[in-house]
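This is what each chain is made of:
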Amino acid sequence: MSDRQLSRRRWLSGVTASAAAATVLGPTSQQAQAATTVSGSYDTDVVVVGAGYSGLACARALVAAGKRVMVLEARGRVGGRCVNSKLPAPYNAFAVEAGAEFLGPTQTRMYELCSEFGIQTYRTYNTGKTVNYTGGMRSTYSGLIPLANLVAASEGAIAILRLDAMAKTLPIDAPWQASKAIEWDNQTFQTWIDRNILAPNTKDLLRLAILSLISCEPREVSLLFVLNYIRASGSLQTLLGTEGGGQQDRVVGGSQLIALAMAQTLGDRIYFNAPVQNIEQDADGILVSGADFSVRAKQCVVATSPWIAGRIAYDGELSGAMQQRMQLMQRMPMGTIWKVHCVYDRPFWRDDGLNGQVTSDKFITKVTFDNTPSGAGAPGVMMGFIDGIDAVQALTMTQAERRAKVLEAFTTYFGAKAANPLSYLEHNWQMSNYSGGGPTGIATPGTLTAFGPCLRRPVGRLHWAGTETSTVWLGYMEGAVRAGERAARDIIALG
């Protein structure tokens, strides 16, 4: 049976990519789900596991090269860790992003995809001052680092320069080969902070940087991984910055719109509600199977995070290379993150000369952004991240308790007008069996120097994609697309 004979209801069938971009302005997290039934045995050239940005990019490149491709997606939607959320009435013509959101300079593939599909971008609101809340005191500042404590600000600026310089010594495609790789991989980022930073406010600022970037505590992550994360984007200032940085731009209609348009170009090659349970190789090919289906292929690409890939059973006699890859997957957990939005009739903080951004050492949300959608009639939307230990503790709270804590933070940062939003939205990335957290997988100490080469190295007919395998903009949508296209190139080169 061919890869097009799998019985299911087509997803947005008969809609062109450009039409899709025009019709899904505010998709909810359930938008365009297909009630699919996957059963039977099938055959194709390449099977791609996962229809996030990496899987979609990989499949598109393979199809362009003339390969028969099947994409198996466990969810009922595309986009992976990128999903839009429609705002409640009366603003349901607008959407915000419950997951991956921002674009920035040097993320060339994402901007090229926007251009291909006629999708517009706009600047993240960045006019006015940022709120800083430290040591029980609220102040405002401009630029990347708060200046309320000049000693801490100076030490923070020097720390950023030092980390950027350290990151530049890493080979971009093999950080584990750096001259100091073992030294840096043997310690956590918290260890580096404790050994090199004196001012408590600077320590808090660097903790906040890690929380905002990878949603884990500094004590959980390898210093070498943090440096590699910096290296993949160019600099820590680029990672943390808004204008000229990784948070510079947003997508009109929400960032999932790009994934929806990419999926349209793949037609009926995407199969939903099809979680893969087993992958087995033999001399003749590779067999990818789930509860009620199996797909025989020449090659397979697993385009998920290492943690999700590690939940698949790899049957048969495992080679040493596969055993190493499995060890890697055990050592790259996901960060812990919630994303919350409060909707107001207007972005009132702008009237006070504020850009909606916050750096804080207290409260459940320590980083915020003005997430007001583009377009006439849009409400004001304040977005906050809940990261690290705060996100872990939030898991056992009721929604009412989380909402109260978010509003406590927002009213402290932005005043009494923040106390009564028209609506409150939250997205818990730990709840999904097919995400397990976010925004990206992180490497624990000792992981990269022991198992780093396994990140991208194929195991027989089995190839690896996902943003965690990228050498450029690791952890971002850009990295996901580049990783998928790299995996496709590797397969195409095999003939």
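Our subject is the structure listed above.
Residues numbered from 1 in each chain as written. Predicted model: local features only at pLDDT ≥ 70, side-chain atom pairs only at ≥ 80, totals over all residues. Heavy atoms only, no water.

K.L.:
If you had to explain the overall build of the chain to someone new, which residues and values would you point to?
P.N.:
Within the chain, the regular secondary structure consists of 16 helices and 21 strands. Radius of gyration (C-alpha) of the chain: 22 Å, near the 23 Å computed for a compact globule of 495 residues. In terms of overall dimensions, the chain has C-alpha extents of about 65 × 55 × 40 Å along its principal axes. Taken across its 495 residues, the chain has 59% of its residues classed as buried. A fraction of 75% describes how many contacts in the chain between residues 6 or more apart in sequence connect residues 24 or more apart. Total accessible area on the chain stands at roughly 18,700 Å², and carbon and sulfur atoms take up 51% of it. With 45 positive and 40 negative side-chain charges, the chain shows a spacing of 2 Å between the two charge centroids. (Helix = DSSP H or I, 4+ residues; strand = E, 2+ residues; numbered from the N terminus. Rg over C-alpha atoms; globule rule 2.2 N^0.38 Å. Buried < 20%, exposed > 50% of the residue type's maximum accessible area, 1.4 Å probe, protein only. Contact = heavy atoms within 4.5 Å. Areas by Shrake-Rupley, 256 points an atom, 1.4 Å probe, with all protein chains shown as cover. Lys, Arg positive; Asp, Glu negative; His and termini not counted. Charge placed at Lys NZ, Arg CZ, Asp CG, Glu CD.)

K.L.:
Give a description of the pairing of strand S19 (residues 380-387) that names residues and reports values.
P.N.:
Within S19, eight of the eight residues are buried, which leaves the element mostly enclosed by the surrounding structure. Here S19 shows a buried face lined by Gly-380, Met-382, Gly-384 and Ile-386 and a second buried face lined by Val-381, Met-383, Phe-385 and Asp-387. Pairing analysis gives eight bridges linking strand S16 (residues 337-344) to S19, with the strands arranged antiparallel. For Trp-338, the partnering residue across the bridge sits in S19 and is Ile-386. For strand S18 (residues 367-370) and S19, the ladder comprises four bridges, and the chain directions are antiparallel. Each bridged residue has a counterpart across the sheet, and for Val-367 the counterpart in S19 is Phe-385. (Pairing = 2+ DSSP bridges.)

K.L.:
Any details on the nonpolar core? Residues and values, ideally.
P.N.:
Core analysis: the largest hydrophobic core is formed by 45 residues, its most contacted members being Leu-163, Phe-189, Trp-192, Ile-214, Val-221, Phe-225 and Leu-227. Every element with two or more residues in this core is listed here: helix H4 (150-168), helix H5 (181-185), helix H6 (189-196), helix H7 (200-214), helix H8 (223-233), helix H9 (236-240) and helix H15 (447-451). Sorting elements by how many residues they give to this core places H8 first, with eight residues. Listed in part, the 39 residues of the second largest apolar core include Ala-51, Val-78, Phe-117 and Ile-270. (Core = buried A, V, L, I, M, F, W, Y, C linked by side-chain atoms within 4.5 Å.)

K.L.:
A description of the packing of aromatic side chains should follow, citing residues and the corresponding values.
P.N.:
According to the stated counting rule, one finds 15 aromatic pairs in the structure shown. Their ring planes at 80° and their centres at 5.9 Å tell us that Phe-363 and Tyr-413 sit as a pair that is edge-to-face. On the criterion of sequence distance, the pair formed by Phe-363 in the loop between strand S17 (354-360) and S18 and Tyr-413 in helix H14 (residues 399-414) is long-range, its members being 50 residues apart. Note on accessibility: Phe-363 and Tyr-413 belong to one class, buried. One aromatic cluster is present, formed by Tyr-133, Tyr-344, Phe-348, Trp-349, Phe-363, Phe-410, Tyr-413 and Phe-414 through successive ring pairs. Residue placement shows Arg-350 over the ring face of Tyr-125; its charged tip is 3.8 Å from the ring centre. (Phe/Tyr/Trp six-rings, centres within 6.5 Å; stacked < 30°, edge-to-face > 60°. Lys NZ or Arg CZ within 6 Å of the ring centre and 35° of its normal.)

K.L.:
I'd love a proper account of the packing of H4 against H6, names of residues and values included.
P.N.:
Contact geometry of H4 with H6 gives a least axis separation of 12 Å together with a crossing angle of 130°. In this view, H4 runs oblique relative to H6, as classed from their interaxial angle. Here H4 and H6 pass one another in a crossing that is right-handed. Listed contacts from H6 to Glu-155, Ala-159, Arg-162, Leu-163 and Met-166 of H4 are Phe-189, Trp-192 and Asn-196. In terms of residue class, the contact of H4 with H6 is made up of five nonpolar, one polar and two charged. (Axes fitted to C-alpha atoms, helices over the stretch in contact; angles between N-to-C directions. Parallel < 35°, antiparallel > 145°, perpendicular 65-115°, else oblique. Left-handed = near helix turned anticlockwise from the far one by under 90°. Nonpolar A, V, L, I, M, F, W, Y, C, P; charged D, E, K, R; others polar.)

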